[in-house]
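Understanding the architecture of this molecule
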Amino acid sequence: MANRDPEPSSRKAIAKRALEDADHIKNKKSRTMKAKRKETDQNFDHWPQYFHSLFKVYKALNTVLAFVTSRKQLATTFPSIRSSVENITKQPLDMSQVAELKAFLPEIITFAYVPRNQIQVNVSAKFSKDEPDFSAFAKHSSKEPEHVLLLEFAESWKGASGGTKASHNEYLVPATRTPAATKKLVEKRNDRFIKAVDELLAATSSCDDPVSLLKAAARDYIPVDPEHISNNPSVDETAHMPVPSSEDRVPVHDILAELQEQHWYKDQIVERRTVEPREGQTGSLDPLLSSSIQQALQSSRNIETLYSHQATAINALNSGKDVIVSTSTASGKSVIYQVPLLRLLENDPHATAIFVYPTKALAQDQKSALDNLLRACPDLEHIQVSTYDGDTPVEQRAGIRASASVIFTNFDMIHAAILPHEELWRSFLKNLRLFVADELHYYSGTFGSHVAQIMRRLRRVCVAVGNHQARFVSCSATIANPLAHMVNIFGLDSSQIQVVTEDGAPTGMKEYLIWRSPYVDEHEPALGRQSSIAEATALMRFLMKRGIRVILFCKIRKVCELAMKTLRNELSSEGRYDILERVQAYRGGYSAEERRRIEHDAFTGHLLGIIATNALELGVDIGTLDAVLMLGFPVTLSSFRQQAGRAGRRKRDSLAIFIAEGLPIDQYYLNNSHELFDKDTDDLLIDLDNEIILEAHIQCAAHEMPICFEDEKYFGPLLKEICKFKLHRDEDGWYHPDGKCLPSPSKLISIRGIQEDKYVLVDVTKSDTSAKILEEIEISRAVFEVYEGGIFIHQGRPFIVQEIHHDTMLVKLVQADVNWITKQRDFTDVNALQTYRIRAIKATPHRAYYGRVEIFCQVFGFYKMRHNVILDVVDVESSPWIHETVGMWIDVPDLVLRLLRDKFIKPAAAIHSAEHAFLNQFPLASDIRTECKAEEKEYLKKESRRKRPARLIMYDPVGHGSGVAAKAFEHAFDTLNKALVAVESCTCERGCVKCILSPSCKEGNIVSSKPGALAILKAILNIEINPDSIPFETDERALHGHSSVYHLFTLEHLRVYLLEMIAVHDYISIRNKNSIIIMQEGQSHPNRL
């Protein structure tokens, strides 16, 4: 009995265990195995005869595939190569044999039916070569199968043009492979098969037959044509089990246990943290709420008691204090200001309130909640609550001013529509008793600095109309110093503010996972790791099938759409349309109607999955979420914790997974994961001394009502100087706006930067007459995302850009059934055009410059890509996008450039890292940009014709006019010293977030050099550099190619000469490429050198 063959199901289980044991042995094998095998001259006598026959098939298949792919990246289907393999082996090639090979090497061999469009690359041109035939993407005829059987081997090789797959951002370029390289690839693959066989034999017990085990395991790898799937009884029916409801799902702990048993799980979890559930702490109010308010809370929210932090905040407001509440996401912070509002309206029907939110979606969400609460409160049903934002029709605004008790608005409207017309709002502002600013952590940097001045203007107007009773409330996610931030934003006395940080809300158990994509093959790291997008969508599918409501956060819009496209393809191929219809992407650019629909579907529980950018990071109520996936590190620790907090919002157990990408910043947190949970977040910065912002708002304040020096209590000590030199003084000593700011100073200030014009994207798939608007996209995005022939993705569906009409800013799109994407080929140059100011860097012969900067962006073509493989290279003609702003720059001394080259360190990498080091020590770095270095240019073997000057350059974002670059210029010496200390004292080897890595680097920090940055910082600060302290470059990619940086020493010498010898000149304008302009006193025309 013990020796009889096991049943098929048990045999399959034994085979699975044997292959898993083989995999375990594989991971523990010494690297000397290969050497030992060569010493024994690859003796296979211990193999069963069947494995010898299978090896013969494998070698033939390997040779044919290597030859076919040696010249081009062609899709290889099973029928197309079958005959070639049979000619070599002199025997038929059966699908079961290929399935057995895949059972040996499941990650190396692709053997599956795929939609025909996945192997299509180009459009067949039926018409003229200038007019693509978009009908090629229509449905295929019934005679042509919709799916083809794909057979591929994973590969990594370096062809004559450098085709390789080495890092997260690199692409597999279809370069020509030499015969020698092809032979080497074939040998490497053969060795890999030999190793797999030996591992299986070592893992098989003496009572089992390895051949039978292999054949049993191979049954799972025999591909099934989806067109015949309904007729195949072997299809796993459990894959189509109905999705349980969120209420009936199993606990997260059990789901994670099941996850780790999946065949595709390969120890991706590198860290797991469990936060135990917490019981809620209640508090009491003094005085108690009226019975009406208690009834309203119970009937509309099911609230019978208040949490301790809610009670503390409400009591503080009742005692006349202002309040800042900084507690976790979903802790019921809105109750803190809604309950006091009801009290105020009960006691004074004329009282008014302003509720401010950073996004319109959040405002609408909270307005709906307040409406429901008021309707449930007897005697307050009549209270009018109105939205007053940019979408409010002009004809309704007077009625809102006259009759609304509560308005939901934003700081843009307070700045541009309420304060400039304070005479129309005087009654409302005189009765203002409660001002609420939700999500206060949203307001920092330049935008926060504008908001701080708007709040001072508002408080000044309220006092002027006789209102000294307004109370101010702000709510925020957990931040480092909530008191300081509220003082900075509101300008209030800190002794008047009650800080509430003790969270009394209950929480469910929360699991945190750090997830690293596995290698395609652990024996061949050169093949790279599995795609992080594929890992994220696999996790989403696994969780959604088990009733877990999940949101996937992506850093940028394009990744959001690529993830949605991948998920759409995967669910479609599985036939899980029941899940697919419950998944939506959500990002900026979608129409307001589409976003509201998605929010409604999420809130009502219809959606199982959402793929979003940080547009849903803030507290829009989208119902109960069970899991959060974060694809890549979301720029800041605050965002990481805010996103993670979106799950488990109502006492349920929950899950948060950080899926690390291959970028250096992600790898840092992968290796220092404790910082994600334990490190304090950075303080939120407000620049109250920014003269550009301050003067602009003082001009506005003077227009609202004349200014006197007593207003220094609102605007600080710089007020007097600004009044004297920038404003107009009347005979009574009052100050009014400068004439150049009239008639409306507020219209000259855009607190979020200049609003760009937008292209309208329309779907004309059916016809031009039935065109449908998909979305609108800003010019600065359109330059890189819409170009003729390119792919634009909306809700995971690919569209081909058919026409672009720049005069009407209209883009016509046609939905396309293709499985490739496009990536633009572009460059961006940041050029210093004209010097306004020059500042010596203390104790050095070097100088910092401030002046006019040009941003030059050019898209000159695109790649057609599939799975990071370049399928085709296309050239396009497009006009450049050119804009001007202001910035500061520092030229790199020539001597250090020579040292870097002697050490084989790319100057571009050193400059890039030095710029990041500078920004990491500059408090307002989030509001300034630099010229990031692109991997595809700097590591190219072919010399680039686009050389860049050797300088550090930082500039204000186009259209912002924030004055931040001027701040960087003024504090250049101090910031350089801090950067030097940070880099020199950091114990990391190649760079980290504490020294040279920037979370906001648009090129992913790939091009970097910590030793190079240190050398440049020392050289600029005139500190002696010991050449022996700078190591030689060892990164293979960095050692290839040519320098993309040119010297500036001649121009630097000329600058120094001009500064020292021609001090009488009033104005010097330096044009870096061609000329230097000198304007002397009394001259009407400049001298040009």
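Reading the values: rules and limits
Residues numbered from 1 in each chain as written. Predicted model: local features only at pLDDT ≥ 70, side-chain atom pairs only at ≥ 80, totals over all residues. Heavy atoms only, no water. Helix = DSSP H or I, 4+ residues; strand = E, 2+ residues; numbered from the N terminus. Buried < 20%, exposed > 50% of the residue type's maximum accessible area, 1.4 Å probe, protein only. Contact = heavy atoms within 4.5 Å. Areas by Shrake-Rupley, 256 points an atom, 1.4 Å probe, with all protein chains shown as cover. Pairing = 2+ DSSP bridges. Axes fitted to C-alpha atoms, helices over the stretch in contact; angles between N-to-C directions. Salt bridge = Lys/Arg side-chain N within 4 Å of Asp/Glu carboxyl O. Parallel < 35°, antiparallel > 145°, perpendicular 65-115°, else oblique. Left-handed = near helix turned anticlockwise from the far one by under 90°. pLDDT = per-residue confidence, 0-100. Phe/Tyr/Trp six-rings, centres within 6.5 Å; stacked < 30°, edge-to-face > 60°. Lys NZ or Arg CZ within 6 Å of the ring centre and 35° of its normal.

In the nomenclature of an unreviewed UniProt entry, the chain is known as P-loop containing nucleoside triphosphate hydrolase protein of Lentinula detonsa.

1. Considering the overall build of the chain
From N to C terminus, the chain includes 36 helices and 36 strands. Within the span of the chain, comprising 1089 residues, buried residues form 54% of the whole. Considering only intrachain contacts with a sequence separation of at least 6, the fraction spanning at least 24 residues in the chain is 74%. For the chain, the exposed surface amounts to about 49,400 Å²; the carbon and sulfur share of it is 50%.

2. Here we look at the sheet that holds strand E10 (residues 432–437)
Sheet architecture is open: seven strands sit in the order E8-E9-E7-E10-E11-E6-E12, paired in parallel fashion. For this open sheet the edge positions go to strand E8 (385–387) and strand E12 (497–500), each flanked by a neighbour on one side alone. If you compare each strand with its neighbour and ignore which way they point, the axes differ by 15° on average. As defined by bridge partners, E10 adjoins strand E11 (residues 471–476) across four bridges and the pair is classed as parallel. Residue Ala437 lies in a different strand from E11, and its bridge partner there is Ser474. Against the sheet, helix H11 (residues 334–347) engages strand E6 (322–326), strand E7 (352–356), strand E9 (406–409), E10 and E11, with an angle of about 170° to E10.

3. Let's talk about the pattern of salt bridges
By the definition in use, this model includes 48 salt bridges. Here Arg557 and Glu778 are joined by a salt bridge, their closest N and O atoms 3.8 Å apart. Of this pair, Arg557 sits in helix H19 (residues 557–574) while Glu778 sits in strand E22 (residues 772–778), placing them 221 residues apart in sequence. For Glu778, a relative accessible area of 18% translates into the label buried. Here Glu984 and Lys1018 are joined by a salt bridge, their closest N and O atoms 3.3 Å apart. One end of the pair, Glu984, is in helix H33 (residues 972–985); the other, Lys1018, is in helix H34 (residues 1010–1020), and 34 residues separate them in sequence. Since its relative accessible area comes to 13%, Lys1018 is described here as buried. In the salt-bridge network here, residues are joined through shared partners; they are Arg541, Lys545, Glu570 and Glu574.

4. Quick word on the packing of helix H9 (residues 291–301) against H11
Angle between the axes and distance between the axes: these two values describe a pair of packed helices. Remark: H9 packs on H11, axes separated minimally by 11 Å, with the N-to-C direction vectors making an angle of 140°. With respect to each other, H9 and H11 are oriented oblique. Of the two elements, H9 crosses H11, and the hand of that crossing is right-handed. Facing Ser292, Ile293, Leu297 and Arg301 of H9, the residues of H11 in contact are Ser334, Val335, Gln338, Val339, Leu342, Arg343 and Glu346.

5. So, the confidence of the model for the chain
Chain-level statistics for the chain give a pLDDT mean of 85 and a share of 84% at 70 or above. The model gives residues 28–40 a pLDDT under 50, and that stretch makes six contacts with residues more than four places away or in other chains. Taken together, the stretch residues 231–238 has pLDDT below 50 and engages in two contacts with residues farther than four places along the chain or on a different chain.

6. Observations regarding the packing of aromatic side chains
Counting across every chain of the model gives 41 aromatic pairs. Between the aromatic rings of Phe640 and Phe677, the centroid separation amounts to 6.4 Å while the plane-to-plane angle is 80°, which identifies the pairing as edge-to-face. One end of the pair, Phe640, is in helix H22 (residues 637–644); the other, Phe677, is in helix H24 (residues 674–678), and 37 residues separate them in sequence. Classification of Phe640 by relative accessible area gives buried; the value is 2%. An aromatic cluster is defined as three or more aromatic residues linked by ring pairs; in this entry it consists of Phe44, Trp47, Phe51, Phe55, Tyr58, Phe104, Phe153 and Phe193. The residue whose ring lies beneath Lys59 is Phe55, and the NZ or CZ to ring-centre distance is 4.7 Å. Stacked on the ring of Tyr50, the Lys or Arg Lys215 has its end atom at 4.5 Å from the ring centre.

7. Description of the environment of Trp515
Here Trp515 is to be found in strand E13 (residues 510–516). Residue Trp515 is classed as buried on the basis of its relative accessible area of 0%. Among residues more than four places away in sequence, those in contact with Trp515 are Leu259, Trp264, Tyr265, Gln268, Ile269, Glu535, Leu539, Ile657, Phe658, Ile659, Ala660 and Leu670.

8. Concerning unusual backbone geometry
With an omega of 0°, the peptide bond between Asp286 and Pro287 qualifies as cis. Examined against the element boundaries, Pro287 turns out to sit in the loop between strand E4 (282–283) and H9. Look at the link from Leu742 to Pro743: it is a cis peptide, with omega at 10°. Mapped onto the fold, Pro743 is located in the loop between strand E20 (735–736) and strand E21 (758–763). Even without glycine at this site, Gln795 takes up a positive phi of about 55°. By the element assignment, Gln795 lies in the loop between strand E23 (791–794) and strand E24 (797–805). The backbone of Asn1005 shows a phi angle near 65°, a positive value even though the residue is not glycine. The topology assignment puts Asn1005 in the loop between H33 and H34.

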